[in-house]
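The primary structure of each chain is shown beneath.
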Amino acid sequence: MAATHTLRDRVAASPLPRLEAHMLWQQVLGVPRSWLIAHDTDPLDPAHLAAYEALEARRAAGEPMAYILGRREFLGREFRVTPDVLIPRPETEQLVEAALEAVAGCAAPRVLDLGTGSGAVAVSVALARPDARVDATDVSPAALAIAAENARALGASLQFFHGNWYDSRLGSPQYDLIVSNPPYIHARDPHLGQGDLRFEPPTALTDGADGLSALRAIIDGAPRYLAPSGTVCVEHGWDQAGAVRRLLRRRGFADIASLRDLAGIERVTRGRLSF
Ligand SMILES: C[S@@+](CC[C@H](N)C(=O)[O-])C[C@H]1O[C@@H](n2cnc3c(N)ncnc32)[C@H](O)[C@@H]1O
(Lines give C-alpha, C1' and ligand atoms only; values in the text may rest on other atoms or scores of the structure.)
Protein backbone atom coordinates (compact mmCIF):
# COMPACT_ATOMS: atom_id res chain seq x y z
CA MET A 1 0.00 0.00 0.00
CA ALA A 2 1.46 3.37 -1.03
CA ALA A 3 2.02 5.88 1.81
CA THR A 4 -1.10 7.97 2.30
CA HIS A 5 -1.36 11.11 4.39
CA THR A 6 -4.99 12.06 4.38
CA LEU A 7 -8.31 10.34 4.89
CA ARG A 8 -9.29 11.13 1.32
CA ASP A 9 -6.13 9.43 -0.06
CA ARG A 10 -6.57 6.40 2.18
CA VAL A 11 -10.24 5.94 1.23
CA ALA A 12 -9.34 6.26 -2.45
CA ALA A 13 -6.60 3.62 -2.01
CA SER A 14 -8.89 1.17 -0.15
CA PRO A 15 -9.96 -2.11 -1.79
CA LEU A 16 -13.37 -1.55 -0.14
CA PRO A 17 -16.31 0.41 -1.55
CA ARG A 18 -16.16 4.04 -0.38
CA LEU A 19 -19.23 3.64 1.88
CA GLU A 20 -17.71 0.67 3.71
CA ALA A 21 -14.35 2.43 4.09
CA HIS A 22 -16.22 5.40 5.58
CA MET A 23 -18.16 3.13 7.97
CA LEU A 24 -14.88 1.67 9.23
CA TRP A 25 -13.34 5.13 9.66
CA GLN A 26 -16.45 6.20 11.57
CA GLN A 27 -15.94 3.20 13.85
CA VAL A 28 -12.26 4.03 14.43
CA LEU A 29 -12.76 7.76 14.99
CA GLY A 30 -16.22 7.63 16.60
CA VAL A 31 -17.51 10.39 14.33
CA PRO A 32 -20.49 10.80 11.96
CA ARG A 33 -19.98 10.46 8.22
CA SER A 34 -20.45 14.22 7.75
CA TRP A 35 -17.34 14.76 9.92
CA LEU A 36 -15.28 12.50 7.65
CA ILE A 37 -16.34 14.43 4.59
CA ALA A 38 -15.60 17.80 6.24
CA HIS A 39 -12.15 16.60 7.44
CA ASP A 40 -11.01 14.45 4.54
CA THR A 41 -7.81 16.44 3.96
CA ASP A 42 -6.70 16.31 7.63
CA PRO A 43 -3.44 14.38 8.19
CA LEU A 44 -3.96 10.87 9.56
CA ASP A 45 -2.82 9.82 13.02
CA PRO A 46 -0.65 6.65 12.67
CA ALA A 47 -2.51 4.90 15.54
CA HIS A 48 -5.85 5.56 13.84
CA LEU A 49 -4.46 4.37 10.52
CA ALA A 50 -3.25 1.11 12.13
CA ALA A 51 -6.67 0.55 13.75
CA TYR A 52 -8.44 1.23 10.45
CA GLU A 53 -6.15 -1.12 8.54
CA ALA A 54 -6.89 -3.96 10.97
CA LEU A 55 -10.63 -3.54 10.32
CA GLU A 56 -10.14 -3.13 6.57
CA ALA A 57 -8.17 -6.40 6.42
CA ARG A 58 -11.03 -8.23 8.18
CA ARG A 59 -13.59 -6.80 5.75
CA ALA A 60 -11.37 -7.53 2.74
CA ALA A 61 -11.24 -11.17 3.97
CA GLY A 62 -15.06 -11.30 3.74
CA GLU A 63 -16.06 -10.85 7.39
CA PRO A 64 -19.57 -9.30 7.57
CA MET A 65 -19.70 -5.59 8.37
CA ALA A 66 -22.16 -6.34 11.20
CA TYR A 67 -19.56 -8.42 13.07
CA ILE A 68 -16.79 -5.90 12.47
CA LEU A 69 -18.97 -3.02 13.71
CA GLY A 70 -20.65 -5.18 16.37
CA ARG A 71 -24.14 -4.03 15.46
CA ARG A 72 -26.98 -4.36 12.94
CA GLU A 73 -30.18 -2.40 12.53
CA PHE A 74 -33.45 -4.33 12.73
CA LEU A 75 -36.85 -2.63 12.50
CA GLY A 76 -35.17 0.74 13.11
CA ARG A 77 -33.32 -0.33 16.27
CA GLU A 78 -29.67 -1.14 16.73
CA PHE A 79 -28.93 -4.68 17.96
CA ARG A 80 -25.53 -5.76 19.22
CA VAL A 81 -24.26 -8.76 17.26
CA THR A 82 -21.22 -10.96 17.66
CA PRO A 83 -20.18 -14.16 15.83
CA ASP A 84 -22.24 -16.02 18.48
CA VAL A 85 -25.48 -14.87 16.85
CA LEU A 86 -27.05 -14.81 13.42
CA ILE A 87 -27.01 -11.33 11.87
CA PRO A 88 -30.70 -10.31 11.83
CA ARG A 89 -32.02 -10.22 8.25
CA PRO A 90 -34.44 -7.74 6.68
CA GLU A 91 -36.78 -10.63 5.71
CA THR A 92 -37.21 -11.46 9.40
CA GLU A 93 -38.87 -8.07 9.87
CA GLN A 94 -41.83 -9.61 8.03
CA LEU A 95 -41.92 -12.42 10.60
CA VAL A 96 -42.24 -9.82 13.37
CA GLU A 97 -45.00 -8.00 11.48
CA ALA A 98 -46.91 -11.29 10.99
CA ALA A 99 -46.40 -12.17 14.66
CA LEU A 100 -47.76 -8.80 15.80
CA GLU A 101 -50.73 -9.13 13.47
CA ALA A 102 -51.51 -12.58 14.91
CA VAL A 103 -51.89 -11.14 18.43
CA ALA A 104 -53.36 -7.76 17.41
CA GLY A 105 -56.77 -8.60 18.87
CA CYS A 106 -55.45 -10.33 21.99
CA ALA A 107 -55.01 -8.42 25.27
CA ALA A 108 -51.80 -9.19 27.22
CA PRO A 109 -50.75 -11.99 24.84
CA ARG A 110 -48.28 -14.65 25.89
CA VAL A 111 -45.58 -15.03 23.24
CA LEU A 112 -42.77 -17.56 22.84
CA ASP A 113 -39.81 -16.95 20.49
CA LEU A 114 -37.93 -20.18 19.78
CA GLY A 115 -34.24 -19.76 18.77
CA THR A 116 -33.97 -16.11 19.70
CA GLY A 117 -30.33 -15.51 18.67
CA SER A 118 -29.64 -11.76 19.09
CA GLY A 119 -33.19 -11.38 20.43
CA ALA A 120 -34.20 -9.37 17.34
CA VAL A 121 -37.67 -10.97 17.07
CA ALA A 122 -38.50 -11.28 20.79
CA VAL A 123 -37.24 -7.80 21.69
CA SER A 124 -39.10 -6.21 18.76
CA VAL A 125 -42.34 -7.95 19.76
CA ALA A 126 -41.89 -7.00 23.43
CA LEU A 127 -41.28 -3.34 22.52
CA ALA A 128 -44.25 -3.22 20.14
CA ARG A 129 -46.53 -4.91 22.71
CA PRO A 130 -45.52 -3.79 26.22
CA ASP A 131 -48.59 -5.61 27.57
CA ALA A 132 -47.31 -8.97 26.24
CA ARG A 133 -45.49 -11.57 28.29
CA VAL A 134 -42.62 -12.60 26.01
CA ASP A 135 -40.43 -15.65 26.63
CA ALA A 136 -37.45 -16.48 24.42
CA THR A 137 -35.33 -19.62 24.21
CA ASP A 138 -32.11 -20.66 22.57
CA VAL A 139 -29.83 -23.67 22.72
CA SER A 140 -26.79 -21.37 22.73
CA PRO A 141 -25.93 -19.76 26.12
CA ALA A 142 -23.68 -17.26 24.29
CA ALA A 143 -26.58 -16.15 22.08
CA LEU A 144 -28.85 -15.80 25.12
CA ALA A 145 -26.28 -13.50 26.76
CA ILE A 146 -26.31 -11.22 23.68
CA ALA A 147 -30.12 -11.31 23.52
CA ALA A 148 -30.36 -10.33 27.20
CA GLU A 149 -27.89 -7.49 26.60
CA ASN A 150 -30.02 -6.24 23.69
CA ALA A 151 -33.20 -6.44 25.77
CA ARG A 152 -31.55 -4.38 28.54
CA ALA A 153 -30.06 -1.82 26.16
CA LEU A 154 -33.36 -1.35 24.30
CA GLY A 155 -35.52 -1.34 27.43
CA ALA A 156 -37.54 -4.47 26.57
CA SER A 157 -39.04 -6.63 29.28
CA LEU A 158 -38.89 -10.37 28.54
CA GLN A 159 -37.54 -13.61 29.94
CA PHE A 160 -34.88 -15.89 28.47
CA PHE A 161 -34.58 -19.66 28.83
CA HIS A 162 -31.83 -22.04 27.80
CA GLY A 163 -32.61 -25.33 26.08
CA ASN A 164 -33.55 -27.37 23.06
CA TRP A 165 -36.72 -25.85 21.52
CA TYR A 166 -39.55 -26.44 24.08
CA ASP A 167 -37.48 -28.30 26.70
CA SER A 168 -37.24 -25.35 29.11
CA ARG A 169 -40.97 -24.59 28.74
CA LEU A 170 -42.41 -27.81 30.18
CA GLY A 171 -45.24 -26.88 32.50
CA SER A 172 -45.18 -23.26 31.34
CA PRO A 173 -48.34 -21.22 30.67
CA GLN A 174 -49.95 -21.74 27.29
CA TYR A 175 -48.92 -19.27 24.62
CA ASP A 176 -51.13 -17.23 22.31
CA LEU A 177 -48.30 -17.11 19.80
CA ILE A 178 -45.22 -19.20 19.06
CA VAL A 179 -42.86 -17.45 16.66
CA SER A 180 -39.60 -18.76 15.26
CA ASN A 181 -36.92 -18.21 12.68
CA PRO A 182 -35.17 -21.57 13.06
CA PRO A 183 -32.12 -22.91 11.20
CA TYR A 184 -33.61 -24.07 7.91
CA ILE A 185 -30.73 -24.42 5.43
CA HIS A 186 -30.10 -27.95 4.11
CA ALA A 187 -26.81 -29.33 5.49
CA ARG A 188 -25.47 -29.81 1.95
CA ASP A 189 -26.46 -26.35 0.65
CA PRO A 190 -23.30 -24.91 -0.92
CA HIS A 191 -24.29 -21.39 0.26
CA LEU A 192 -23.14 -22.40 3.75
CA GLY A 193 -19.57 -22.12 2.47
CA GLN A 194 -20.08 -18.73 0.82
CA GLY A 195 -20.32 -15.03 1.75
CA ASP A 196 -21.45 -13.94 5.21
CA LEU A 197 -22.70 -17.44 6.07
CA ARG A 198 -19.09 -18.64 6.46
CA PHE A 199 -18.79 -16.42 9.54
CA GLU A 200 -22.14 -17.10 11.22
CA PRO A 201 -22.75 -19.87 13.80
CA PRO A 202 -23.52 -23.09 11.85
CA THR A 203 -26.21 -24.08 14.40
CA ALA A 204 -28.06 -20.83 13.60
CA LEU A 205 -28.08 -21.63 9.88
CA THR A 206 -28.57 -25.33 9.36
CA ASP A 207 -30.33 -28.16 11.18
CA GLY A 208 -27.53 -30.45 9.97
CA ALA A 209 -30.16 -32.39 7.99
CA ASP A 210 -32.78 -31.70 5.32
CA GLY A 211 -33.47 -28.11 6.41
CA LEU A 212 -36.93 -29.02 7.71
CA SER A 213 -36.12 -30.87 10.93
CA ALA A 214 -36.17 -27.78 13.20
CA LEU A 215 -39.40 -26.56 11.54
CA ARG A 216 -40.86 -30.04 12.07
CA ALA A 217 -39.90 -30.08 15.77
CA ILE A 218 -41.38 -26.61 16.31
CA ILE A 219 -44.65 -27.32 14.48
CA ASP A 220 -45.09 -30.82 15.95
CA GLY A 221 -44.50 -29.49 19.49
CA ALA A 222 -46.61 -26.36 19.15
CA PRO A 223 -50.10 -27.73 20.02
CA ARG A 224 -48.82 -28.80 23.45
CA TYR A 225 -47.71 -25.24 24.27
CA LEU A 226 -50.38 -23.18 22.53
CA ALA A 227 -53.56 -21.81 24.10
CA PRO A 228 -56.82 -22.67 22.27
CA SER A 229 -56.82 -20.75 18.96
CA GLY A 230 -53.13 -19.92 19.43
CA THR A 231 -50.97 -19.21 16.37
CA VAL A 232 -47.63 -20.55 15.24
CA CYS A 233 -45.70 -18.34 12.84
CA VAL A 234 -42.38 -19.41 11.28
CA GLU A 235 -39.83 -18.11 8.82
CA HIS A 236 -38.48 -20.63 6.31
CA GLY A 237 -36.48 -20.96 3.12
CA TRP A 238 -37.65 -19.70 -0.27
CA ASP A 239 -38.62 -23.23 -1.39
CA GLN A 240 -40.04 -24.59 1.89
CA ALA A 241 -43.48 -22.92 2.11
CA GLY A 242 -45.35 -25.93 0.65
CA ALA A 243 -43.61 -28.34 3.04
CA VAL A 244 -44.30 -26.08 6.04
CA ARG A 245 -47.99 -25.78 5.10
CA ARG A 246 -48.17 -29.59 4.89
CA LEU A 247 -46.55 -29.92 8.34
CA LEU A 248 -49.11 -27.49 9.79
CA ARG A 249 -52.03 -29.24 8.10
CA ARG A 250 -50.86 -32.66 9.33
CA ARG A 251 -50.67 -31.32 12.89
CA GLY A 252 -54.27 -30.07 12.68
CA PHE A 253 -53.69 -26.33 12.21
CA ALA A 254 -56.28 -24.18 10.41
CA ASP A 255 -56.20 -20.76 8.69
CA ILE A 256 -52.82 -21.72 7.21
CA ALA A 257 -51.28 -18.98 5.08
CA SER A 258 -47.87 -18.17 3.63
CA LEU A 259 -46.88 -14.53 3.26
CA ARG A 260 -44.85 -13.24 0.34
CA ASP A 261 -41.92 -10.87 0.76
CA LEU A 262 -41.33 -7.84 -1.48
CA ALA A 263 -39.74 -10.12 -4.09
CA GLY A 264 -42.93 -12.24 -4.15
CA ILE A 265 -41.30 -15.17 -2.31
CA GLU A 266 -43.18 -17.03 0.44
CA ARG A 267 -40.87 -16.68 3.45
CA VAL A 268 -43.24 -16.74 6.43
CA THR A 269 -46.04 -19.24 7.13
CA ARG A 270 -48.58 -19.27 9.96
CA GLY A 271 -51.37 -21.48 11.19
CA ARG A 272 -53.96 -21.30 13.98
CA LEU A 273 -54.74 -24.08 16.38
CA SER A 274 -58.22 -25.37 15.63
CA PHE A 275 -58.65 -27.78 18.55
C1 LIG B 1 -31.77 -18.54 12.19
S2 LIG B 1 -31.23 -18.19 13.84
C3 LIG B 1 -32.46 -16.98 14.30
C4 LIG B 1 -31.98 -15.96 15.28
C5 LIG B 1 -32.98 -14.81 15.51
N6 LIG B 1 -34.27 -15.32 15.97
C7 LIG B 1 -33.17 -14.01 14.24
O8 LIG B 1 -34.22 -14.19 13.60
O9 LIG B 1 -32.29 -13.23 13.89
C10 LIG B 1 -31.73 -19.65 14.67
C11 LIG B 1 -31.47 -19.68 16.17
O12 LIG B 1 -31.94 -20.94 16.67
C13 LIG B 1 -31.04 -21.42 17.64
N14 LIG B 1 -31.18 -22.88 17.71
C15 LIG B 1 -30.65 -23.80 16.89
N16 LIG B 1 -31.01 -25.05 17.28
C17 LIG B 1 -31.78 -24.89 18.39
C18 LIG B 1 -32.46 -25.80 19.25
N19 LIG B 1 -32.38 -27.12 19.05
N20 LIG B 1 -33.17 -25.30 20.28
C21 LIG B 1 -33.24 -23.96 20.49
N22 LIG B 1 -32.62 -23.03 19.70
C23 LIG B 1 -31.89 -23.51 18.67
C24 LIG B 1 -29.68 -20.96 17.18
O25 LIG B 1 -28.76 -20.93 18.25
C26 LIG B 1 -30.02 -19.58 16.60
O27 LIG B 1 -29.85 -18.58 17.57
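Just so it is clear, the structure is predicted and the values come from calculations on it, not from any experiment.

1. Re the pairing of strand β2 (residues 77–80)
Next up, step 1: Bridge count between strand β1 (residues 71–74) and β2: four bridges; the pairing is antiparallel. Of the residues in β2, the one forming a bridge with Arg72 is Phe79.
Next up, step 2: Between β1 and β2, which pair antiparallel one after the other, the connecting turn spans two residues, and Leu75 there sits at a positive phi close to 50°.

2. Looking at the sheet that holds strand β8 (residues 253–260)
Next up, step 1: Reading across the sheet, the seven strands line up as β5-β4-β3-β6-β7-β9-β8 and stay open at both edges, with mixed pairing between neighbours. The sheet is open, and its two borders are formed by β5 (159–162) and β8, each paired with just one other strand. For this sheet, the mean angle separating the axes of adjacent strands, direction not counted, is 15°.
Next up, step 2: In this structure, strand β6 (residues 175–180) lies alongside strand β7 (residues 226–235), joined through five bridges in parallel fashion. Bridged to Ser180 within β7 is Val234.
Next up, step 3: Where helix α8 (residues 141–154) meets the sheet, it contacts β4 (133–138) and β5, and its direction lies at approximately 175° from that of β5.
Next up, step 4: Packed on one face of the sheet, helix α11 (residues 241–250) meets β7, β8 and β9 (266–273) and runs near 5° to β9.

3. Re unusual backbone geometry
Next up, step 1: With phi around 45°, Ala108 is a residue other than glycine that occupies positive phi space.
Next up, step 2: For Ala108, the location among the structural elements is in the loop between α6 (92–102) and β3 (110–114).

4. Focus: the packing of aromatic side chains
Next up, step 1: Here the structure, examined in full by the defined rule, presents three aromatic pairs.
Next up, step 2: With centroids separated by 4.4 Å and ring planes inclined at 5°, the aromatic side chains of Trp25 and Tyr52 adopt a geometry described as stacked. With Trp25 in helix α2 (residues 18–29) and Tyr52 in helix α4 (residues 46–60), this residue pair connects regions lying 27 residues apart in the sequence.
Next up, step 3: Using a relative accessible area of 0% as the deciding quantity, one classes Trp25 as buried.
Next up, step 4: On the basis of an interplanar angle of 5° and a centroid distance of 4.4 Å, the ring pair of Tyr166 and Tyr225 is categorised as stacked.

5. With respect to the packing of α6 against helix α7 (residues 120–128)
When two helices pack together, you describe them by how their axes are tilted relative to each other and by the distance separating the axes.
Next up, step 1: Remark: α6 packs on α7, axes separated minimally by 10 Å, with the N-to-C direction vectors making an angle of 40°. Our classification of the angle between α6 and α7 gives oblique. Crossing handedness for the pair α6 and α7: right-handed. Packed against α6, whose contacting residues are Thr92, Leu95, Val96, Ala99 and Leu100, the element α7 presents Val121, Ser124, Val125 and Ala128 at the interface.
Next up, step 2: The residue inventory of the contact of α6 with α7, partitioned by class, reads seven nonpolar, two polar and no charged.

6. Re the domain arrangement of the chain
Next up, step 1: Once the domains are mapped, the chain shows domain 1 (7–61) and domain 2 (83–273).
Next up, step 2: Between the C-alpha centres of domain 1 and domain 2 the distance comes to 37 Å.

7. Focus: α8
Next up, step 1: In this model α8 runs 20 Å from its N-terminal to its C-terminal C-alpha over 14 residues, within 8% of the 20 Å that 1.5 Å per residue would give.
Next up, step 2: Those residues of α8 not exposed but buried are Ala143, Leu144, Ile146, Ala147, Asn150 and Ala151. For α8, the angular spread of the buried residues around the axis is 160°, confining them to a single face. Facing away from the buried side of α8 by over 90 degrees, the exposed positions are Pro141, Arg152 and Ala153.
Next up, step 3: Looking at the buried side of α8, the elements it contacts are β2, α7, β4 and β5.
Next up, step 4: Taken from the residues just after α8, Gly155 is the one with a positive phi, measuring 75°.

8. Side note on the site of the ligand
Next up, step 1: Around the ligand sit 18 residues in total, of which Asp138, Asn164, Trp165, Asn181 and Ala204 are the nearest.
Next up, step 2: Taking Gly117, its main chain carries an N or O atom lying 3.4 Å from an oxygen atom of the ligand.
Next up, step 3: Here a nitrogen atom of the ligand and a backbone polar atom of Val139 are 3.3 Å apart.
Next up, step 4: Of the residues assigned to the shell around the ligand, the class counts are eight nonpolar, nine polar and one charged.

Conventions used here
Every chain begins its residue count from 1, and numbering advances along the sequence as written. Local features in this predicted model are restricted to residues of pLDDT 70 or higher, and side-chain atom pairs are both shown and tallied only at a pLDDT of 80 or more, whereas totals for entire chains, interfaces and linings draw on every residue. To get the side-chain values, take all heavy atoms of the structure and skip hydrogens and water. A pair of strands counts as paired when DSSP detects no fewer than two bridges linking them. Helical segments are the DSSP runs of H or I of at least four residues, strand segments are the runs of E of at least two, and each set is numbered from the N terminus. To get an axis, a line is fitted to the C-alpha atoms, and for a helix only the part in contact is used. The angle between two axes follows their N-to-C directions and goes from 0 to 180 degrees. It only takes one pair of heavy atoms within 4.5 Å for two residues to be counted as in contact. Any two rings among Phe, Tyr and Trp, with Trp reduced to its six-membered ring, count as a pair given centres within 6.5 Å; such a pair is stacked if its planes are under 30 degrees apart, edge-to-face if over 60, and tilted if neither. Three labels apply to residues, based on accessible area from a 1.4 Å probe with only protein chains included: buried if under 20% of the type maximum, exposed if over 50%, partly exposed otherwise in between. These descriptions rest on fixed angle ranges, namely under 35 degrees for roughly parallel, over 145 for roughly antiparallel, 65 to 115 for roughly perpendicular, and the rest for oblique. Crossing chirality is assigned from the near helix's rotation relative to the far helix, an anticlockwise turn below a right angle marking it left-handed and a clockwise turn marking it right-handed. Here the nonpolar group is Ala, Val, Leu, Ile, Met, Phe, Trp, Tyr, Cys and Pro; Asp, Glu, Lys and Arg are the charged ones; every other residue, Gly included, is treated as polar. Segmentation into domains, and thus their bounds, comes from an automatic or database assignment. One less than the residue count of a helix, multiplied by 1.5 Å, gives the span that helix is expected to have. By construction, the arc corresponds to the directions joining the helix axis to the C-beta atoms. Whether a residue is near a molecule or strand depends on its heavy atoms: if one lies within 4 Å, it is near. Under this definition, polar contacts are N or O atom pairs within 3.5 Å; protein pairs additionally need one hydrogen-donor-capable and one acceptor-capable atom, and for neighbouring residues in sequence, both atoms have to be side-chain atoms.

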